[in-house]
Amino acid sequence: MSIWEYANPKKFMSTTAPVLPWVFGLAGLCLAVGLVWGFFFTPDDYRQGSTVKIIYLHVPSALMAINAWLMMLVASLIWLVRRHHVSALAARAAAPVGIAMTLIALATGAIWGQPMWGTWWAWDPRLTSFLILFLFYLGYVALWAAIEDPDTAADLTSVLCIVGSVFALLSRYAVNFWNQGLHQGASLSLDKEENVSDVFYQPLLLSMAGFILLFIALVILRTRTEIRVRRIKALLTRARRA
Amino acid sequence: MIALLTRDLRLAVRAGGGFGLGLAFFLIVVVLVPFGVGPQTELLSRIAPGILWVAALLAALLSLDRILALDYEDGSLALLATSPLPLEATGLVKAVAHWLTTGLPLTMAAPVLGFLLHLKPEGYLPLLGSLALGTPALSMIGTFGAALTVGVRRGGLLLSLLVLPLYVPTLIFGAEVVRRGAEGLATTTPLIMLAGITLGCFALLPFASAAALRVNLK
Amino acid sequence: MMLRVNNLACERGGVPVLEGVTFDIAAGDALILRGANGIGKTTLLRTLAGLQPALSGTIDFPPEEAAYASHADGVKSTLSVTENLRFWADIYARPLPDDIFDRFDLTDLRDRAAATLSAGQKRRLGLARLGVIGRKVLFLDEPTVSLDRFSVKLFADFLRDVHLSQGGVAVIATHIDLGIDAPELDLGPYRATPEARGGSDEAFL
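Residues numbered from 1 in each chain as written. Chains lettered and ligands numbered in written order. Predicted model: local features only at pLDDT ≥ 70, side-chain atom pairs only at ≥ 80, totals over all residues. Heavy atoms only, no water.

(A) Fine view of the overall build of chain C. Along the backbone of chain C there are five helices and eight strands. For chain C, the N- to C-terminal ordering of α and β elements is β-β-β-α-β-β-α-α-α-β-α-β-β. Scaling as 2.2 N^0.38, a compact globule of 205 residues should have a C-alpha radius of gyration of about 17 Å, and chain C matches this with 18 Å. Taking the principal axes of the C-alpha coordinates as reference, chain C spans close to 55 × 35 × 35 Å. The burial tally for chain C puts 56% of its 205 residues in the buried class. In chain C, the proportion of contacts linking residues at least 24 apart, taken out of those at least 6 apart, comes to 72%. Surface summary for chain C: the accessible area is close to 8,700 Å², and the carbon and sulfur share equals 47%. Put simply, chain C has 22 plus and 28 minus side-chain charges, and the middle of one group is 3 Å from the middle of the other. (Helix = DSSP H or I, 4+ residues; strand = E, 2+ residues; numbered from the N terminus. Rg over C-alpha atoms; globule rule 2.2 N^0.38 Å. Buried < 20%, exposed > 50% of the residue type's maximum accessible area, 1.4 Å probe, protein only. Contact = heavy atoms within 4.5 Å. Areas by Shrake-Rupley, 256 points an atom, 1.4 Å probe, with all protein chains shown as cover. Lys, Arg positive; Asp, Glu negative; His and termini not counted. Charge placed at Lys NZ, Arg CZ, Asp CG, Glu CD.)

See the structure below:
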């Protein structure tokens, strides 16, 4: 019994079919509890007032915007090394979700930034990095869309994802060098004394879990669609030949 | 490798188009900027480093799809792939040829255009240095992008979309060198970063380009 | 034995097209591939030349001896005939033989830019490359497209008198009679059955 068994499209389909509704359900539950708790049952921040509450959308979506790309990178490497189709299709499936997360992070950031910094947009390193990440996502999706042969497209997008990751990291440092920022440091980290206080922390953790589960559910759903598309294509090609 | 380089240079010179077009484009962009932002000397002088770098970058971008597309269409690329020359070397030579026909002339022309934009006198040396160090990276990254999109019909726009985000670090450090130079600050750090990016690109991207070419020739 | 192909299967667009292709060619021999359009002649030649991976089976020939030629001959129109050939000679690190121009009837065209050549003349230039690079194992995909009868004879003479007589081998996909003494291989029987395994789409069935 190896984990790679699930990389077989049929096995993946049969395994995920019963799991998927549960993941969606759990994601919905975490999000509902986390967001309602966060929005209505936490005190206002002494400096930021009620605007702080957008943190329950902003931080989790920013987290997933980056992790979606990381997941695509890992999936691309698995595809290049082990040639598991599900892996390539999962990377393809994750990209639009990653784009959505990046947009949510940028939009909520702008809405939060307006009352706090007095501007919707600033060329701050963190903001700029997310904008660049967004451009990388666009290129990745466009390359998938432009190439007809699915295996060729998988190979090329994987190479792009790996090279892109290196350059995205480089851009992050370049942008830091280029401008000092307004954005506060990470609000959550394990080794820091001064995290956000517990009142905000618990609902935030819940909504983060909700976003992670939602991401997983969406990626599984979209991967299943991609697998079905490939299956239809394969069957059609063979029907035409027979 | 020398044979391929000479051939590519000869083709570039004979075809006429690519060589001069990039330079003309560079000139036009730089001339258009004052029409857009107004003729104030002080403003132009302040934004000159950035404008020169962005214009040079766009001019280099213009000829990227010619790096590999022509050889792909007439079958040369498949013949080269089965020749003793490894595809990694082909990618590297293509990038060098592109730089010699695009990046180098742009670097040479940049000081003249800096004059049009009232670049401060201290900025000229950093401008030459940063373009000479940075434009090779633009050619190498561009060759990688061209290798990815060589099989796509009318891939020019897609190529730009893929390559421009990859250009961000080079642009940031390159323009920073000129800006700091023009203000009389030390330029060592961004220059070293720029050189590092260029060396890294030339060390790694030929392999990525060859991998992409192999997939596209399948 | 110069070229040995054993139980080869190849795919196109994720679907197996040929399976069980097996043949041997001794030094000095050629093999003509026959078969209807779409049977997979080009796919087989590209697989043999190493441009695409085989699904299964083995291909054995001396390393660094193969060359591939398709109907796109990589002729650069702004270079002259001599420059085109010299480029390939340099890439393969070989001298440019003088008699190559006579063999392919290019002597009068030596300094003409390839752009001014007719389709047939261009084809001859593309084929002359094979005489320049000196490879022993040739994989030729429709080499005689757009050649007139005289040029076909020139090419057949080159294959017989220069290439094969010096111990080279050639696998040629063509629809016409080249006039060289070579066995033919009909690819029809090797057409992959619908049950053939190994295509990249297989996991989805």
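(B) Structural context of the pattern of salt bridges. Residue and element names in this part refer to chain A. In the structure shown here, the tally under the stated rule is 22 salt bridges over all chains. Between Arg83 and Asp155 there is a salt bridge, with its nearest N and O atoms 2.9 Å apart. Here Arg83 is found in the loop between helix H2 (55-82) and helix H3 (85-117), whereas its partner Asp155 is found in helix H5 (residues 150-178), with 72 residues between them in sequence. Since its relative accessible area comes to 36%, Arg83 is described here as partly exposed. (Salt bridge = Lys/Arg side-chain N within 4 Å of Asp/Glu carboxyl O.)

(C) Expanded view of the sheet that holds strand S2 (residues 15-25) of chain C. Residue and element names in this part refer to chain C. The strand order across the open sheet built from three strands is S2-S1-S4, with neighbouring strands paired in antiparallel fashion. Looking along the sheet, the strands with just one partner apiece sit at the ends: S2 and strand S4 (56-60). Averaged over all adjacent pairs, the angle separating strand axes in this sheet is 25°, with direction ignored. Where strand S1 (residues 3-12) meets S2, seven bridges bridge the pair, whose relative direction is antiparallel. Across the sheet, the residue bridging to Cys10 is Leu18, located in S2. (Pairing = 2+ DSSP bridges. Axes fitted to C-alpha atoms, helices over the stretch in contact; angles between N-to-C directions.)

(D) Quick look at the side chain of C:Arg129. Along the chain, the position of C:Arg129 falls in helix H4 (residues 119-133). One buried charged side chain, C:Arg129, makes no salt bridge at all; its nearest oppositely charged neighbour is C:Asp73, positioned 7.8 Å away.

(E) Layout of helix H3 (residues 41-62) of chain B. Helix length check: H3(B), at 22 residues, gives a terminal C-alpha distance of 29 Å against a target of 32 Å (1.5 Å per residue), a fit within 8%. Remark: the principal bend of H3(B), roughly 55°, maps to B:Ala48, with a proline, B:Pro49, within the next four residues. (Expected span 1.5 Å × (residues − 1). Bend = angle between axes of the 7 residues up to and from the residue.)

(F) Examining helix H7 (residues 124-149) of chain B more closely. All names here are of chain B. Its 26 residues give H7 an end-to-end C-alpha distance of 36 Å, which sits within 8% of 38 Å, the value for a rise of 1.5 Å per residue. For H7, the principal kink sits at Gly134 and spans about 25°; a proline, Pro136, occurs within the next four residues. H7 sits mainly inside the fold: 20 of its 26 residues count as buried.

(G) Geometry of a nonpolar patch on the surface. Residue and element names in this part refer to chain B. A surface patch of nonpolar side chains, about 570 Å² in accessible area, is lined by Leu27, Ile28, Val31, Leu32, Phe35 and Leu116. Turning to its location among the elements, Leu27 is positioned in helix H2 (residues 17-37). Under the relative-accessibility criterion, Leu27 is labelled partly exposed at 40%. (Patch = residues over 30% accessible without salt bridge, like charges linked within 9 Å, V, L, I, M, F, W, Y side chains within 5 Å.)

(H) Just the interface of chain B and chain A, in detail. At the junction of the two partners, chain B supplies 27 residues and chain A supplies 24 residues. With both sides pooled, the region where chain B packs onto chain A buries about 2,100 Å², and carbon together with sulfur makes up 85% of that total. If you look at where chain B meets chain A, you find zero salt bridges. One can count zero residue pairs in polar contact (both at pLDDT 80 or more) joining chain B with chain A. Among the elements of the structure, H7, helix H8 (156-182) and helix H9 (188-217) of chain B are those that each provide at least two residues to the side of chain B that touches chain A. When grouped by side-chain class, the residues that make up the side of chain B that touches chain A number 20 nonpolar, three polar and four charged. (Buried area = accessible area lost by both parts, 1.4 Å probe. Polar contact = N/O pair within 3.5 Å; in protein donor to acceptor, adjacent residues only side chain to side chain. Nonpolar A, V, L, I, M, F, W, Y, C, P; charged D, E, K, R; others polar.)

(I) Broad picture of the confidence of the model for chain B. Confidence in the prediction of chain B, expressed as mean pLDDT, is 92, and 98% of residues score 70 or more. Of all the helices and strands in chain B, helix H1 (residues 2-15) of chain B carries the lowest mean pLDDT, 86, while H7(B) carries the highest, 96. (pLDDT = per-residue confidence, 0-100.)

(J) Seen up close, the side chain of C:Ser151. Residue and element names in this part refer to chain C. Residue position: Ser151 is located in helix H5 (residues 149-163). You can call Ser151 buried: its relative accessible area is 3%. At 2.5 Å, the side chain of Ser151 forms a polar contact with the side chain of Asp148.

(K) Broad picture of the pairing of strand S3 (residues 30-34) of chain C. Residue and element names in this part refer to chain C. Most of S3 is tucked away: five of the five residues are buried. Neither face of S3 is exposed, since Ala30, Ile32 and Arg34 on one face and Leu31 and Leu33 on the opposite face are all buried. Sheet topology note: the S3/strand S7 (residues 169-173) ladder contains four bridges and is parallel. Looking at the pairing, Leu31 lines up with Val171 of S7. As paired elements, S3 and strand S8 (residues 184-186) share three bridges and run parallel to each other. In the strand pairing of S8, Ile32 is matched with Glu184.

(L) Unusual backbone geometry, seen in detail. Even without being a glycine, A:Arg83 presents a positive backbone phi close to 55°. In the Ramachandran plot, C:Glu142 falls in the positive-phi region, its phi being about 50° despite a non-glycine side chain. Tracing the backbone shows C:Glu142 in the loop between strand S6 (137-141) and H5.

(M) The packing of H5(A) against H7(B), seen in detail. Direction vectors running N to C along H5(A) and H7(B) enclose 160°, while the axes themselves pass 10 Å from each other. Taken together, the axes of H5(A) and H7(B) lie roughly antiparallel to each other. The handedness of the crossing between H5(A) and H7(B) comes out as left-handed. Taking contact as the criterion, the partners of A:Leu156, A:Val159, A:Leu160, A:Val163 and A:Phe167 in H5(A) are, on H7(B), B:Ile141, B:Phe144 and B:Leu148. Along the lines of polarity and charge, the residues of the contact of H5(A) with H7(B) split into eight nonpolar, no polar and no charged. (Parallel < 35°, antiparallel > 145°, perpendicular 65-115°, else oblique. Left-handed = near helix turned anticlockwise from the far one by under 90°.)

(N) Spotlight on the sheet that holds S6(C). All names here are of chain C. An order of S5-S6-S7-S3-S8 is seen for the five strands of this open sheet, with the pairing classed as parallel. The open sheet has two edge strands with one neighbour each: strand S5 (66-69) and S8. Sheet twist, expressed as the mean angle between neighbouring strand axes with direction ignored, is 15°. On top of the sheet, helix H1 (residues 41-48) reaches S3, S5, S6 and S7; it is set at about 155° to S6, its chief contact. Lying on the sheet, H5 is in contact with S6 and S7; it crosses S6 at an angle near 165°.

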